[in-house]
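Structural overview for review
Each chain, written out:
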Amino acid sequence: MPVGAAACRGGQSRTLYFSCQLNRTASAGATYDPPMKRLWDLSPPVHAGSPVFPGDTAYQQQWSATLGPGCPVNVSAITLSPHVGAHADAPLHYDPEGAAIGLLDLSPYLGRCRVIHALDCGPLVHWDHLRHAVGDDLPPRVLVRTYQRMPQDRWDGQLAAYAPQTIERLADLGVQLVGIDTASIDPAESKTLDSHQVIRRRGLRVLENLVLDEVPEGDYELIALPLKLVSADASPVRAVLREL
């Protein structure tokens, strides 16, 4: 008798028993579905009341077709800035020669990441706000929570942003993507966009307007793919974290 079968019959190993049961199920033509890992939705709702940078294009929706006699479907037409809600900036947003969002490699937007809390940090996220959670095994993606509760119904002109020196140090540690729960990695009144210029020079990607209110500090799998908008300066994303 094979060793695995003996272990199943004798009950000597719960692990082997479970493996045997899976093999029997598979041999019977069935499939095994592992338990679903928990997801955290990082995207705020997008609607006509979604806050936008002053002067930017708010979300608007019209109906091109509606269900009724002679029309079997509803079809909407939407107008919005690609910076509404959770979004990914493209280099084109802050570099006249930069690539559009639909031309970027998707790898930075998918994979292991670390959520770090810098609650009530003030106007800038400095290295001291992150130091406690960096360690020697920092993943290539870092998302920073600054709000106790992200304001999803109003524009926050006092938003927290990254200090450019913080971006530099993260890049030095191999970080490829930075994210934040505010509308920008630079202060709202900035005209020089110093942190955006660091990510341009260092080749990092960025996510903004993430809802991190319910996410504990720790490591997760990030999934936040931008749309293939081949001439746009940014793209909405449906950003989620999945437990590892």
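Rules used in this analysis
Residues numbered from 1 in each chain as written. Predicted model: local features only at pLDDT ≥ 70, side-chain atom pairs only at ≥ 80, totals over all residues. Heavy atoms only, no water. Core = buried A, V, L, I, M, F, W, Y, C linked by side-chain atoms within 4.5 Å. Buried < 20%, exposed > 50% of the residue type's maximum accessible area, 1.4 Å probe, protein only. Contact = heavy atoms within 4.5 Å. Salt bridge = Lys/Arg side-chain N within 4 Å of Asp/Glu carboxyl O. Helix = DSSP H or I, 4+ residues; strand = E, 2+ residues; numbered from the N terminus. Arc of directions from axis to C-beta. Patch = residues over 30% accessible without salt bridge, like charges linked within 9 Å, V, L, I, M, F, W, Y side chains within 5 Å. Areas by Shrake-Rupley, 256 points an atom, 1.4 Å probe, with all protein chains shown as cover. Pairing = 2+ DSSP bridges. pLDDT = per-residue confidence, 0-100. Phe/Tyr/Trp six-rings, centres within 6.5 Å; stacked < 30°, edge-to-face > 60°.

So, about the nonpolar core. Among the nonpolar cores identified, the biggest contains 25 residues, and Leu130, Tyr162, Leu170, Val178 and Ile199 are the most heavily contacted of them. Setting aside residues no more than four positions away along its own chain, Leu130 makes contact with Ile116, Ala118, Val125, Val144, Thr166 and Leu170.

Turning our eyes to something else, we now look at the pattern of salt bridges. On inspection of all chains with the given rule, the structure shows eleven salt bridges. Among the ionic pairs, Asp219 bridges to Arg112, the shortest N-O distance being 3.5 Å. In this pair, Asp219 sits in strand 11 (residues 218-223) while Arg112 sits in strand 5 (residues 110-117), placing the two residues 107 residues apart along the sequence. Note on Arg112: relative accessible area 43%, which makes it partly exposed. Residue Asp137 pairs with Arg114 through a salt bridge whose shortest N-O separation is 3.1 Å. Placement of Asp137 in the loop between helix 3 (127-134) and strand 7 (141-145) and of Arg114 in strand 5 is noted, with a sequence separation of 23 residues between them. A relative accessible area of 8% places Arg114 in the buried class. Connected through shared salt-bridge partners, Arg112, Arg114, Asp137 and Asp219 make up one network.

Here we take up helix 4 (residues 164-172). Of the residues making up helix 4, those classed as buried are Thr166, Ile167, Leu170 and Ala171. Viewed end-on, helix 4 has its buried residues packed into an arc of 135°, placing them on one side of the element. Facing away from the buried side of helix 4 by more than 90 degrees, the exposed set consists of Gln165 and Asp172. Where helix 4 is buried, its residues contact strand 6 (124-125), helix 3, strand 7, strand 8 (161-162), strand 9 (177-180) and helix 5 (194-202).

Together, Leu106, Leu110 and Leu225 make up a nonpolar patch on the protein surface, roughly 240 Å² of accessible area in all. Tracing the backbone through its elements, the reader meets Leu106 in the loop between strand 4 (87-89) and strand 5. On the basis of relative accessibility, which here comes to 41%, the residue Leu106 falls in the partly exposed class.

On to the pairing of strand 2 (residues 60-65). Regular strands place their side chains on alternate faces of the sheet. Taking burial as the measure, the six residues of strand 2 include zero buried ones, a minor fraction of the element. Pairing of strand 2 with strand 3 (residues 75-79) involves five bridges; the strand directions are antiparallel. Counterpart to Trp63 in the pairing with strand 3 is Ser76.

Looking only at helix 3, the buried set comprises Trp127, Leu130, Ala133 and Val134. End-on view of helix 3: buried residues confined to an arc of 125°, all on one side of the axis. In helix 3, the exposed positions that point more than 90 degrees away from the buried face belong to Asp128 and His132. On its buried face, helix 3 is in contact with strand 5, strand 6, strand 7 and helix 4. In the segment just after helix 3, Gly135 is the residue with positive phi, at about 65°.

This part covers the confidence of the model for the protein chain. For the protein chain, mean pLDDT is 90; residues scoring 70 or higher make up 88% of the total. For the stretch residues 1-22, pLDDT sits under 50, and the model shows twelve contacts to residues farther than four places along the chain or on other chains.

In this section: the packing of aromatic side chains. If you walk through the whole model with that rule in mind, you get two aromatic pairs. Measuring from ring centre to ring centre gives 5.0 Å for Trp40 and Tyr220, while their planes differ by 75°; the resulting arrangement is edge-to-face. Taken together, the residues span a long stretch of sequence, with Trp40 in strand 1 (residues 39-41) and Tyr220 in strand 11 at a distance of 180 residues. On the basis of relative accessible area, Trp40 is assigned to the buried category, the value being 10%. The interplanar angle of 75° and the centroid separation of 5.1 Å between the aromatic rings of Phe53 and Trp155 together place this pair among those described as edge-to-face. Taken as a pair, Phe53 in the loop between strand 1 and strand 2 and Trp155 in the loop between strand 7 and strand 8 lie far apart in primary sequence, 102 residues in all. Classification of Trp155 by relative accessible area gives partly exposed; the value is 27%.

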